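Per-entry structural report
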Amino acid sequence: MPNNIIGYINILIGFIDILLGFLVLSSNTKKAVNKAYFFCTLTMGIWSLSLFFYNNPFFISSTQWLKIVYIISYLMTFAQIYFALKFHDGIGKKLTTLLLSILTPLFTYGFYLLLVKNSVVLSTYYDKANATTIAEMGKDYIWYFLPIIISLFFLFGIHIAKGSKLESLKKKQTQFYWIAGFLMIVPLVFLDLVLPVFFSN
């Protein structure tokens, strides 16, 4: 698929995500779960738009845009966890404390590797033959991605554990949530993990 077509798709998805979030939020701006859903769609939309600028750099280099993509990947993960907690009315103080004690140092270390040590994204270059931007990833990339994987297990666990107790309407809402989450996570894993690991120099 030509790079410009992928770029247009990224822009379209980005604006659709943000618009969807605004529509849900506007239906009831005081409802906590609506705010959490808006946070989810906002980060997803910005992530998709950032992917476009990674392949079509503007103002800053494609390397810097890729770092922004990875920062927003973390923000998307935070948003998904926040939404899950609000949607399911929390998981209890002890489990919340345990979750924070595990994820906080991992995400902090990931930010350190990405932004301070600079050992996640090393460089990027434009491949004219394939009309796309290629990233050279560092040795610490897998450590950056680890907290996202752990978060996915948590999200799956909380929806399974609490899903059976939901009313029929919320069960349908959970199904739609997982469909949307799947459509978001698959390209995230493919673009953020598979491609950098197998196609970087």
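Refer to the preceding data block for the structure.
About the thresholds
Every chain begins its residue count from 1, and numbering advances along the sequence as written. Side-chain atom pairs in this predicted model are given and counted only at pLDDT of 80 or more, local residue features only at pLDDT of at least 70, and totals for whole chains, interfaces and linings cover all residues. Remark: hydrogens and water are excluded; side-chain values derive from all non-hydrogen atoms of the structure. A run of H or I in DSSP counts as a helix once it spans at least four residues, and a run of E counts as a strand once it spans at least two, with each numbered from the N terminus. Buried residues are those whose accessible area, probed at 1.4 Å on protein chains only, stays under 20% of the maximum for their type, while exposed residues exceed 50% and partly exposed ones sit between those limits. Contacts are assigned to residue pairs that have any heavy atoms within 4.5 Å of one another. Each polar contact in these results corresponds to two N or O atoms within 3.5 Å; when the atoms are within protein, one needs to be able to donate a hydrogen and the other to accept it, and residues that are neighboring in sequence are counted only if both atoms are side-chain atoms. Working definition of a nonpolar core: buried Ala, Val, Leu, Ile, Met, Phe, Trp, Tyr and Cys residues. They are joined through side-chain atoms within 4.5 Å. Convention adopted: a line fitted to C-alpha atoms gives each axis, helices being fitted over their contacting stretch, and angles between N-to-C directions are expressed from 0 to 180 degrees. Note on terminology: angles under 35 degrees are roughly parallel, angles over 145 are roughly antiparallel, angles of 65 to 115 are roughly perpendicular, and the others are oblique. Amino acids are sorted into nonpolar (Ala, Val, Leu, Ile, Met, Phe, Trp, Tyr, Cys and Pro), charged (Asp, Glu, Lys and Arg) and polar (every other residue, Gly among them). Left-handed describes a crossing in which the near helix is turned anticlockwise from the far one by less than a right angle; the clockwise case is right-handed. Only rings of Phe, Tyr and Trp enter the pairing, Trp through its six-membered ring, and a pair is recorded when the two centres are within 6.5 Å. The plane angle decides the type: under 30 degrees is stacked, over 60 is edge-to-face, the rest tilted. A helix's residues, less one, multiplied by 1.5 Å, set its expected span.

**Details of the overall build of the protein chain**
When you go through the protein chain residue by residue, the secondary structure sums to six helices and two strands. When its helices and strands are written in sequence order, the protein chain yields α-α-α-α-β-β-α-α. Across the 201 residues in the protein chain, those meeting the buried criterion constitute 41%. Look at the contacts in the protein chain between residues 6 or more apart in sequence, and 69% of them connect residues 24 or more apart.

**Quick word on the side chain of Thr 43**
With respect to the element layout, Thr 43 can be found in helix α2 (residues 32–55). Polar contacts involving the side chain of Thr 43 include one to the main-chain carbonyl oxygen of Phe 39, which spans 3.0 Å. Within the structure, Thr 43 has its side chain in polar contact with the backbone oxygen of Cys 40 (distance 2.8 Å). Other than its neighbours up to four places away in sequence, Thr 43 contacts Ile 72, Leu 75, Met 76 and Ala 79.

**Considering the nonpolar core**
Among the nonpolar cores identified, the biggest contains 30 residues, and Tyr 70, Val 120 and Tyr 144 are the most heavily contacted of them. At the level of secondary structure, the elements contributing two or more residues to this core comprise α2, α3 (62–87), α4 (93–116), β2 (132–137) and α5 (141–163).

**Section: the packing of α3 against α4**
Where α3 meets α4, the closest approach of the two axes is 10 Å, and the angle between their N-to-C directions is 170°. As far as their axial angle goes, α4 and α3 are roughly antiparallel. Between α3 and α4, the residues in contact are Lys 67, Tyr 70, Ile 71, Tyr 74, Thr 77, Phe 78 and Ile 81 and Leu 99, Leu 103, Leu 106, Phe 107, Gly 110, Phe 111, Leu 114 and Leu 115, respectively. For the contact of α3 with α4, the per-class residue count stands at twelve nonpolar, two polar and one charged.

**With respect to the environment of Lys 35**
Relative to the helices and strands, Lys 35 is located in helix α2. Once the C-alpha coordinates of Lys 35 and Lys 86 are considered, the two residues, 51 residues apart in sequence, prove to be 9.4 Å apart. Excluding anything up to four places from it in sequence, Lys 35 contacts Leu 25, Thr 29 and Lys 30.

**What to know about the packing of α2 against α3**
At a minimum axis separation of 8 Å, α2 and α3 run at an interaxial angle of 165°. In terms of orientation, α2 lies roughly antiparallel with respect to α3. The interaxial crossing formed by α2 with α3 has left-handed handedness. Taken together, the residues of the contact of α2 with α3 break down into 24 nonpolar, five polar and one charged.

**Here's the deal with the environment of Phe 15**
In this fold, Phe 15 is placed in helix α1 (residues 3–27). Residues Phe 15 and Ile 46 lie 31 residues apart in sequence; the distance between their C-alpha atoms is 8.5 Å.

**Section: the side chain of Thr 77**
With respect to the secondary-structure elements, Thr 77 resides in helix α3. What makes Thr 77 buried here is its relative accessible area of 6%. Aside from chain neighbours lying at most four places away, what touches Thr 77 is Phe 107, Ile 148 and Ser 151.

**A few points about the packing of aromatic side chains**
Inspection of every chain in the model, using the stated rule, returns 15 aromatic pairs. Three or more aromatic residues link up through ring pairs in this structure, and these residues are Tyr 70, Tyr 74, Phe 78, Phe 107, Phe 111, Tyr 141, Tyr 144 and Phe 145.

**Re α4**
Counted at 1.5 Å a residue, the expected span for α4 with its 24 residues is 34 Å, and the 33 Å between its end C-alpha atoms agrees. If you check which residues of α4 are buried, you get Leu 99, Leu 103, Phe 107, Gly 110, Leu 113 and Leu 114. Phi turns positive, to about 55°, at Asn 118, one or two residues after α4.

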